[in-house]
Amino acid sequence: MSRVGSELRDELRALRSYFGHVICHLQKDLRLEWRSRESVVGMLFFALLVVIIFSLAFDPTAAVSRQIAGGILWVALLFASFTALNQSWTREQRNRVLEAHRMSPAPASALFLGKALANLLFVTLVELVLAPFFLIFYNLHALGQGWMLLAVLPLGTWALVCNGTFFAALSLRTRNRELMLPLILVPVSLPALLGMMSATTAILTGESDPALWVRLLVAYNIIFTLVCLLLFETVLSAE
Amino acid sequence: MAKRSCIFGVAGMVWVVLTLTAIAYATRLALVVAPTEATMGNVQRIFYYHVPTSMLSLLFPYVNFMASLFYLYWRRRDPLRALTADAVAISAAEVTVVYSSICLLTGMLWGRAAWGIWWTWDARLTSMLLLWLLYVSYLMLRKLSSTGQTQTLAAVLSVFAAIDVPIVYMSIQWWRTQHPAPVFGGGADSGIDPSMMPAFVWNVVGWAMWGIFLLLYRYGLERRRQESEQASALRAIEGTLEIAQ
């Protein structure tokens, strides 16, 4: 009984240390971002510009804008996050920090999870700032269940950020890195993109039930988060 | 250069001859012998190329997936065997891209001739386009990544792509049932007349044999490339070991 108890205690200790590592990486990224503020500000302005350009391109009426706003929001966030994701890993390349990560005995997936959570916070921040602009420029109000947006936005953001962080690490040493990330990310995340855009449109227009898409997003997130966590070690030590 | 048993060469030639025979026979069946379709006329004959290549383009991605898994498994345990798996992986990916390109192009031509449109965002077309995009991105990663990492990164991407293919298919099915698009005649494999079956089956067989031939030929090329790379690396190392007298 006591042997089982001590094994259990060891497991709990290992788990706590794993999450300790994740929190440590998260704090590092947040601190670096706070001091330079480069990626959040960059993302914000890029997304804003995309919103304005789409508004000029389509000049929608209130009814039409409800149909297209979901798609435009996620397109703007997708393009904005490309820049931020690449930058989040170049931060690790300065001063050979990535080599240090490889050599340390800390679990590599903790580095990935910390960084993905940090990117999630940054993109969520951009969304929170962007939302009022959306409401203003497109004269939006949700005809469906508006509160479901609070579920759809984090799920969609996590799908983008989780895969994005992974593929940004994958394309870290490829030639033409700026091209590789969108090229790999968009086909792989297409089901999630479809889910988030359809769910948002369904909520805004109230014409269909977003529940199917929310379930798809949840399933997608679970599957791909697991795959990313399992395969990150391979990518980090790919030499 | 390793000596290869000449049985492979002989078997290869036999396979090529059989493949060309099968394709010739299948072409004759498709273009001459099979009956003309009632509504579409002779345009329908492109079906004998379109459907077999589509079916095969769904098979080779999983060859790539299995090979990538073997690569990841053997990477640290038996590196030389892992290289073999990697050669199979890239060959399968290239054949996938070729077959899905043929599927998309023949589909577009057929669609234009039969229904007057080049493209529509229905479930199957969109899923096939995504499959094509995924494996093109695989090949681009192979081309652009730094040497030493290429094989591992490509294997990881292959795992993602293989997991994604069924999810893409399901999600696009749901998307299209939510927003119904024009449905095209229940699909090409519904209600095929029995007199057309021989032509269809022989085309599947012929193009499968061709696909296998391409895979094995490309595998052979890749293995030779890997071996010449290893040989030149070995020569470089041996060069540094020469002791000055």
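Draft legend 1. Broad picture of the overall build of chain A. When helices and strands are counted, chain A shows 9 helices and 0 strands. In chain A, the succession of helices and strands from N to C terminus is α-α-α-α-α-α-α-α-α. Taken against the 2.2 N^0.38 rule, which gives 18 Å for 239 residues, the C-alpha radius of gyration of chain A at 20 Å falls within 12% of a compact globule. With the C-alpha coordinates aligned to their principal axes, the bounding extent of chain A is approximately 65 × 45 × 30 Å. Scored against the burial criterion, the 239 residues of chain A give a buried share of 42%. Counting contacts in chain A only where the partners sit at least 6 residues apart, residues at least 24 apart contribute 85% of the total.

Draft legend 2. Structural context of the overall build of chain B. A count of helices and strands for chain B gives 7 helices and 0 strands. For chain B, the C-alpha atoms occupy an extent of roughly 85 × 45 × 25 Å along the three principal directions. Counting all 245 residues of chain B, 33% fall into the buried class. Once local pairs closer than 6 in sequence are excluded, the contacts in chain B between residues at least 24 apart make up 81%.

Draft legend 3. Seen up close, the interface of chain B and chain A. The partner chain A presents 26 residues to the 27 residues of chain B that form the contact. Here the side of chain B that touches chain A takes 15 residues from helix α6 (residues 150-178) of chain B, the largest share from any one element. Split into classes, the residues belonging to the side of chain B that touches chain A amount to 18 nonpolar, 8 polar and 1 charged.

Draft legend 4. The arrangement of unusual backbone geometry in detail. All names here are of chain A. Phi at Arg96 takes a positive value of approximately 55 degrees, unusual for a residue other than glycine. Within the secondary structure, Arg96 is located in the loop between α3 (62-93) and α4 (97-103). You can call Arg96 exposed: it has 10 C-beta atoms within 10 Å. Positive phi, normally seen in glycine, also occurs at Asn176, with a value near 60 degrees. Residue position: Asn176 is located in the loop between α6 (149-170) and α7 (177-188).

Draft legend 5. Region of interest: the packing of helix α2 (residues 38-58) of chain A against helix α5 (residues 108-138) of chain A. Residues and elements named next belong to chain A. Interhelical geometry of α2 versus α5 gives an angle of 30 degrees and a closest axis separation of 10 Å. By the criterion of interaxial angle, the relationship of α2 to α5 is roughly parallel. α2 and α5 meet at a crossing whose hand is right-handed. Taken together, the residues of α5 that come into contact with α2 (itself represented by Ser39, Val40, Met43, Leu44, Ala47, Leu48, Val51 and Ser55) are Phe122, Leu125, Val126, Val129, Leu130, Phe133, Phe134 and Phe137. In terms of residue class, the contact of α2 with α5 is made up of 14 nonpolar, 2 polar and no charged.

Draft legend 6. Highlighting the environment of Phe112 of chain A. All names here are of chain A. Mapping Phe112 onto the fold places it in helix α5. What makes Phe112 buried here is the crowd of 24 C-beta atoms within 10 Å. For Phe112, the contacting residues outside a window of four places in its chain are Thr165, Phe166, Cys228, Leu229 and Phe232.

Draft legend 7. Layout of helix α1 (residues 6-33) of chain B. All names here are of chain B. The end-to-end C-alpha distance of α1, which contains 28 residues, comes to 39 Å, matching closely the 40 Å that a straight helix rising 1.5 Å per residue would cover. Residues of α1 that are buried include every one of Thr19, Ala26 and Ala30, and no others. Buried residues belonging to α1 abut α2 (47-57) and α7 (197-241).

Draft legend 8. Summary view of the environment of Phe79 of chain A. Residues and elements named next belong to chain A. Tracing the backbone through its elements, the reader meets Phe79 in helix α3. For Phe79, a count of 15 C-beta atoms within 10 Å puts it in the partly exposed group. The residues touching Phe79, leaving out its near neighbours within four places in the chain, are Phe46 and Val50.

Draft legend 9. Geometry of the packing of helix α4 (residues 79-115) of chain B against α7 of chain B. Residues and elements named next belong to chain B. Orientation of α4 relative to α7, taken along the N-to-C sense of each, is 135 degrees, at an axis distance of 8 Å. When the axis of α4 is compared with that of α7, the two are oblique. Our pair here, α4 against α7, has a crossing hand that is right-handed. Residue-level inspection shows Leu83, Ala87, Val88, Ile90, Ser91, Ala92, Glu94, Val95 and Tyr99 of α4 in contact with α7, the latter providing Gly211, Leu214, Leu215, Arg218, Tyr219, Glu222, Arg223 and Gln226. Per-class residue counts for the contact of α4 with α7 are 10 nonpolar, 3 polar and 4 charged.

Draft legend 10. Looking closely at helix α8 (residues 190-205) of chain A. All names here are of chain A. With 16 residues, α8 should reach 22 Å at 1.5 Å per residue; the first-to-last C-alpha distance of 22 Å fits that figure. α8 sits mainly inside the fold: 15 of its 16 residues count as buried. Gly206 occupies a position one or two residues after α8 and carries a positive phi of about 70 degrees.

Procedures and definitions
- For every chain, the first residue of the written sequence is number 1, and numbering continues from 1 onward in sequence order.
- Numbering of ligands from 1 and lettering of chains from A proceed in the order in which they are written.
- Local features in a predicted model are, by the rule used here, given only for residues with pLDDT of at least 70; side-chain atom pairs are given and counted only at 80 or more, and totals for whole chains, interfaces and linings are based on all residues.
- Helix and strand definitions follow DSSP, with helices as H or I runs of at least four residues and strands as E runs of at least two, each counted in order from the N terminus.
- Computation of the radius of gyration draws on C-alpha atoms alone. For the globule rule, the value is 2.2 Å times the number of residues to the power 0.38.
- Partly exposed residues are those whose C-beta has more than 12 but fewer than 20 other C-beta atoms within 10 Å; with 20 or more the residue is buried, with 12 or fewer it is exposed, and the C-beta atoms are placed from the backbone.
- Contact definition: two residues whose C-beta atoms, as placed from backbone geometry, lie within 7 Å.
- Three classes are used, and their members are as follows: Ala, Val, Leu, Ile, Met, Phe, Trp, Tyr, Cys and Pro are nonpolar, Asp, Glu, Lys and Arg are charged, and the others, Gly among them, are polar.
- Interaxial angle, 0 to 180 degrees, is taken between N-to-C directions of lines fitted to C-alpha atoms, where a helix line uses only the stretch in contact.
- Should an angle fall under 35 degrees it is called roughly parallel, over 145 degrees roughly antiparallel, and 65 to 115 degrees roughly perpendicular, with every other angle called oblique.
- The sense of a crossing depends on the near helix, which, turned anticlockwise from the far helix by less than a right angle, makes the crossing left-handed and, turned clockwise, makes it right-handed.
- By definition here, a helix of n residues has an expected span of 1.5 Å times n minus one.

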